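Spelled out from the first residue to the last, the chains are:
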Number of protein chains: 2
Amino acid sequence: MRNADTAVTRTAVAPGPAGSPTIYDVARLAGVSIASVSRVLNQRGRPRLETRERVLDAVRDLGFVRDGAARALSSGLKEVVGVAFRRGEDAGFEDEDESPLFDEVVNRGIEASARAVGFDVLISTVSKEDAAIRLPALARKVDGLILHDNLLAPAALARLAEHVPVVTLASRPVAGAVNIRCDNVGGMRALVRHLVSDHGYRSLAYLSGHTDSPDNLARERALRVVARAAGVEVISGPAWRGDYSAVGAARAISSLLEGGVRLPRAIVCANDQTAVGVMHALGRHGLRVPADVAVTGFDDVAIARHLHPPLTTVRQPIRDLGSAAFDTLHAAIRGRAVAAPERVLPTDLVIRESCGCHAA
Amino acid sequence: MRNADTAVTRTAVAPGPAGSPTIYDVARLAGVSIASVSRVLNQRGRPRLETRERVLDAVRDLGFVRDGAARALSSGLKEVVGVAFRRGEDAGFEDEDESPLFDEVVNRGIEASARAVGFDVLISTVSKEDAAIRLPALARKVDGLILHDNLLAPAALARLAEHVPVVTLASRPVAGAVNIRCDNVGGMRALVRHLVSDHGYRSLAYLSGHTDSPDNLARERALRVVARAAGVEVISGPAWRGDYSAVGAARAISSLLEGGVRLPRAIVCANDQTAVGVMHALGRHGLRVPADVAVTGFDDVAIARHLHPPLTTVRQPIRDLGSAAFDTLHAAIRGRAVAAPERVLPTDLVIRESCGCHAA
DNA sequence: CCCGGCGAGGTAAGCGCTTACAGACAGCGG
DNA sequence: CCGCTGTCTGTAAGCGCTTACCTCGCCGGG
């Protein structure tokens, strides 16, 4: 009755959009109950072959696809994970950035893994200010959350994690939330040793990323530790502050150069984008890389290989970072697995030419 | 009863995730009915001030947020739009691309507009083969779809559009689906006229994008029309086929050069990424831009301004493309508005230096 | 003093699914 | 021939919300 009723109303009122067939329509056409339809669709029980076929035929004829909201409400699984990352706090957006590169690749990793198990990805850019309001709301539209950057203070994060599985990327582990990051220390150590031992450079500078990024902090610290141990000078100061972007880096280098500051033998950049900006600015001012100043990156983004000269950098398995984040989250969504509070992915030193090495 | 029941079960069984408070919990704590809670939350009717406050207090105390699936099922609005774009058909993914730039920026425009009305964005990359299966599924998780590239054949698209509002980007209008694109012809016309009339170049080549992209086709056609009218030679051939990516373009130029082909006075690229690759390859072979060969782009992506020399290109309001797509979709979701089958956004010629002009 | 009108709030019916439970029916042994 | 088992299918409850509809209490006017 309810069934016939709605069907009538529908075709009468809205023949266009909003008129998708329901499971009742399928059941009626197939001459079975909605339970049978659901069972066939979900492969539960052992429906008779004939039943199966009738249902499948009806599904095909009607072009029926289950409604996500109804399924989610009923089964308690939305099959959607939310991914939040920071964007557009300062600055208008015209010049804001030229490279969503890193996050974008991570997201692609997330998405690939998600699709493999039938999940979709709800992308949301959030500013740090409204994270406290937006994230809980986002949480109710998804089964779990992946947070880029460290969008939430530990306390707020822990509170959120009580209600929904949460995985953070390149942040710090917090009760209830697993953190995924790469081995910054190992990578940076290998890189600096190469510059110091193999090339014999005696002065370095670190052009930083966002100062509240754990990755950035860990990288800088590792550099300093190795440099100090080797008795190598580390030039630093407020002018050496970047923001992970090429424009920001170029700006920093230009103002350094125009201020007549002495440059180190090698500039170690917080990430590849920064290195792009640095090489660009250096080039503008007539400095050659690596002859005058060596430059290195971090991440091994696709462009790194195509720069002039090719960039020596530390490879992170960026895409894997995303896959790992999703897989961990998915495990948490499924059962109550997830042992370790943190998962660290390996990094590799990739030697190309910007450090002063020659192509083979 | 149901109410008390579930509450008890919950706190007993799952104190962690999955234990979000429901509207029943709020109602009980506030000492009102669920209808009142809902009314306060949705601002319907005129609840007494005291009722309002009790509800709001309870909501705050419990940290209650409405479940998206339940809301969607009940109200018929998911407040989510799906965005699908093509990715990873050919090639593994290691070298696949270096620039999600254009689509990414469009998506940001979509997201910004979506957030303004409380919508979220479900991102999904789809290959052309499984589009026919994945898109209908995606459609049932969202209120409307935005399709980048032309993922679906017109017939399939029209069928999909019968069930859910659809907006396409840079495609062709189809019954039931609105298309959003920019004024390719106007932009290209202005660009080619500048090269021909202002600079007097007598030979051009067009380094294409994907051959099944309507944008690409329109741009090439416009170029040919203007060139022919001016009696200017257009060099072409299978070697001039790119794929919108910098690596693809660099590869094309390199093989052209190594094949000893004569280059035109100016290379008009299908998009900015292509121009990046072209300039890079040209540089590698000792050719100067624009002295030996002029190069132009299309899109005016952020890097265009920072190239060496700065790129002359045609600006598309990329972000606006996304906003317009969302706004159009949103209108369709709301009521049955949406008159025109297509919306064309303006383009502007942006003259910088790669065409041969000098900086001011 | 009673009744109609009015407005706030409660009751309950769905939204389209999944699934526990019960019914129906066939095949079998006792 | 009855009852039991084991399959398959149907019935209906419920997921957490929104909202139509109705109740209740209060007020003013007749």
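These figures come from a predicted structure and were not determined experimentally.

What counts and what doesn't
Residues numbered from 1 in each chain as written. Chains lettered and ligands numbered in written order. Predicted model: local features only at pLDDT ≥ 70, side-chain atom pairs only at ≥ 80, totals over all residues. Contact = placed C-beta atoms within 7 Å. Nonpolar A, V, L, I, M, F, W, Y, C, P; charged D, E, K, R; others polar. Pairing = 2+ DSSP bridges. Helix = DSSP H or I, 4+ residues; strand = E, 2+ residues; numbered from the N terminus. Least-squares fit on C-alpha atoms with pLDDT ≥ 70 in both. Axes fitted to C-alpha atoms, helices over the stretch in contact; angles between N-to-C directions. Buried ≥ 20, exposed ≤ 12 C-beta atoms within 10 Å, placed from the backbone. Domains from an automatic or database assignment. Near = placed C-beta within 6 Å. Core = buried A, V, L, I, M, F, W, Y, C linked by C-beta atoms within 7 Å. pLDDT = per-residue confidence, 0-100. Parallel < 35°, antiparallel > 145°, perpendicular 65-115°, else oblique. Left-handed = near helix turned anticlockwise from the far one by under 90°. Expected span 1.5 Å × (residues − 1). Arc of directions from axis to C-beta.

Colleague: Go over the interface of chain A and chain B, please, and point to the residues and values.
Modeller: Tallying the contact residues gives 38 residues for chain A and 37 residues for chain B. Looking at the side of chain A that touches chain B residue by residue, the class counts come to 18 nonpolar, nine polar and 11 charged. As judged from the three bridges shared by strand S2 (residues 120-126) of chain A and strand S2 (residues 120-126) of chain B, these two strands associate in the antiparallel manner. Its bridge partner lying in S2 of chain B, Leu 122 of chain A is registered against Leu 122 of chain B.

Colleague: Tell me about the relation of the copies chain A and chain B, and name the residues and values.
Modeller: Superposing chain A onto chain B takes a rotation of 180° plus a shift of 0.0 Å along the axis, which leaves an RMSD of 0.1 Å. In short, the pair behaves as if placed about a two-fold rotation axis. Here 95% of the interface residues in chain A have copies in chain B that are interface residues too; the copies meet face to matching face.

Colleague: Please set out the sheet that holds S2 of chain A residue by residue, giving values where relevant.
Modeller: The strand order across the open sheet formed by 12 strands is S11(A)-S5(A)-S4(A)-S3(A)-S1(A)-S2(A)-S2(B)-S1(B)-S3(B)-S4(B)-S5(B)-S11(B), and the pairing between neighbours is mixed. The sheet is open, and its two borders are formed by strand S11 (342-345) of chain A together with strand S11 (342-345) of chain B, each paired with just one other strand. Ignoring which end each strand starts from, the neighbouring axes of this sheet average 20° apart. Looking at chain direction, strand S5 (residues 177-182) of chain A and S11 of chain A are connected through four bridges and run parallel. When the bridges of S11 of chain A are listed, Ile 180 of chain A appears paired with Arg 343 of chain A.

Colleague: So what about the environment of Lys 78 of chain B? Which residues, and what values?
Modeller: By the secondary structure assignment, Lys 78 of chain B is in the loop between helix H5 (68-75) and strand S1 (80-86). With near-sequence residues (within four places) excluded, Lys 78 of chain B lies in contact with Ala 69 of chain A together with Ala 72, Val 142 and Asp 143 of chain B.

Colleague: Which residues make up the pairing of S2 of chain A, and what are the values?
Modeller: Residue and element names in this part refer to chain A. Of all seven residues that make up S2, seven are buried, and the element is covered over most of its length. In this structure, strand S1 (residues 80-86) lies alongside S2, joined through seven bridges in parallel fashion. For Val 81, the partnering residue across the bridge sits in S2 and is Val 121.

Colleague: Can you break down the domain arrangement of chain A residue by residue, with the values?
Modeller: By domain assignment, chain A separates into domain 1 (2-66), domain 2 (80-182 + 318-345) and domain 3 (184-316). Summarising the inter-unit geometry, the C-alpha centres of domain 1 of chain A and domain 3 of chain A are found 61 Å apart.

Colleague: A description of the protein's contact with DNA strand C should follow, citing residues and the corresponding values.
Modeller: Taken together, 30 residues sit near DNA strand C, with Ile 23, Ser 38 and Ser 74 of chain A together with Ser 33 and Ala 35 of chain B positioned nearest. Taken together, the elements giving at least two residues each to the surface near DNA strand C come down to helix H1 (2-13), helix H3 (34-42) and helix H5 (68-75) of chain A together with helix H3 (34-42) and H5 of chain B. Element by element, the count of residues in the surface near DNA strand C is highest for H3 of chain A, at six residues. Tallied by class, residues from the surface near DNA strand C come to 11 nonpolar, 11 polar and eight charged.

Colleague: An account of the nonpolar core is needed here, citing residue identities and associated values.
Modeller: As a rule of thumb, soluble globular proteins bury nonpolar side chains together. With 186 residues, the main nonpolar core has Ile 146 and Val 278 of chain A together with Val 81, Leu 145, Ile 146 and Val 278 of chain B as its most contacted residues. Not counting residues up to four positions away in its chain, the partners in contact with Ile 146 of chain B are Val 81, Val 83, Ile 110, Val 167, Leu 169, Ala 325, Phe 326 and Leu 329 of chain B. In this structure, Ala 27, Val 32, Val 40 and Phe 64 of chain B belong to the second largest nonpolar core, which totals 11 residues.

Colleague: Can you explain the confidence of the model for chain A? Please cite residues and give values.
Modeller: All names here are of chain A. The share of residues in chain A with pLDDT of 70 or more is 90%, and the mean pLDDT across the chain is 88. With pLDDT under 50 throughout, residues 1-18 is counted as low confidence; its partners more than four residues away or in other chains account for 10 contacts. Segment residues 89-96: pLDDT under 50, and seven contacts once partners within four positions in sequence are set aside and those in other chains are kept.

Colleague: Lay out the protein's contact with DNA strand D with the relevant residues and their values.
Modeller: Taken together, 30 residues lie near DNA strand D, and Ala 35 and Arg 46 of chain A together with Ile 23, Ser 38 and Ser 74 of chain B sit nearest. Of all the secondary structure elements, the ones that give two or more residues to the surface near DNA strand D are H3 and H5 of chain A together with helix H1 (2-13), H3 and H5 of chain B. For the surface near DNA strand D, the element with the highest residue contribution is H3 of chain B, accounting for six residues. Per-class residue counts for the surface near DNA strand D are 11 nonpolar, 11 polar and eight charged.

Colleague: Go over unusual backbone geometry with me, naming the residues and quoting the values.
Modeller: Omega for the bond connecting His 308 of chain A with Pro 309 of chain A falls within 30 degrees of zero, at 0°, which places this linkage in the cis form. Note that Pro 309 of chain A resides in the loop between strand S9 (294-296) and strand S10 (313-315). Look at the link from Val 289 of chain B to Pro 290 of chain B: it is a cis peptide, with omega at 5°. By the element assignment, Pro 290 of chain B lies in the loop between helix H12 (272-284) and strand S9 (294-296). A positive phi angle, close to 125°, is found at Asp 299 of chain A, a residue other than glycine. Take Asp 299 of chain A: it is sitting in the loop between S9 and S10.

Colleague: Describe in detail the sheet that holds strand S6 (residues 203-207) of chain B, supporting the description with residues and values.
Modeller: All names here are of chain B. Read from one edge of the open sheet, four strands run S7-S6-S8-S9, paired in parallel fashion. Each of the sheet's edge strands pairs with one partner strand only, and the pair in question is strand S7 (233-235) and S9. Sheet twist, expressed as the average angle between the axes of neighbouring strands with direction ignored, equals 25°.

Colleague: Outline the packing of helix H7 (residues 131-139) of chain B against helix H8 (residues 154-163) of chain B, listing residues and values.
Modeller: Residue and element names in this part refer to chain B. Two elements in contact, H7 and H8, have axes separated by 11 Å at closest approach and are oriented at 15°. In terms of orientation, H7 lies roughly parallel with respect to H8. Considering how the two elements wind past one another, H7 and H8 form a crossing that is right-handed. For the pair formed by H7 and H8, the contact residues are Ala 132, Leu 135, Pro 136 and Ala 139 on the first element and Ala 156, Leu 160 and His 163 on the second. Partitioned by chemical class, the residues of the contact of H7 with H8 number six nonpolar, one polar and no charged.

Colleague: Go over the packing of H3 of chain B against helix H4 (residues 49-62) of chain B, please, and point to the residues and values.
Modeller: Residues and elements named next belong to chain B. Remark: H3 packs on H4, axes separated minimally by 10 Å, with the N-to-C direction vectors making an angle of 90°. As summarised for this structure, H3 and H4 are arranged roughly perpendicular, according to the angle between their axes. Contacts between H3 and H4 involve Ser 36, Val 37 and Val 40 on the former and, on the latter, Thr 51, Arg 52, Val 55 and Leu 56. Residues that form the contact of H3 with H4 fall into these classes: four nonpolar, two polar and one charged.

Colleague: Tell me about helix H6 (residues 101-116) of chain B, and please be specific about residues and values.
Modeller: For H6 of chain B, spanning 16 residues, the distance from its first C-alpha to its last is 23 Å, which sits close to the expected 22 Å at 1.5 Å a residue. One or two steps after H6 of chain B, the chain reaches Gly 118 of chain B, where phi turns positive at roughly 80°.

Colleague: I'd love a proper account of H4 of chain B, names of residues and values included.
Modeller: All names here are of chain B. Between its terminal C-alpha atoms H4 stretches 20 Å, which fits the 20 Å expected from 14 residues at 1.5 Å a residue. Among all positions in H4, only Arg 54, Val 55, Ala 58 and Val 59 are buried. Taken around the axis of H4, the buried residues stretch over an arc of 135°, which confines them to a single face. Seen from the buried face of H4, the exposed residues on the opposite side, beyond 90 degrees, are Leu 49, Glu 50 and Arg 60. Each element contacted by the buried residues of H4 is listed here: helix H2 (23-30) and H3. Just past H4, the residue Gly 63 takes up positive phi, approximately 65°.

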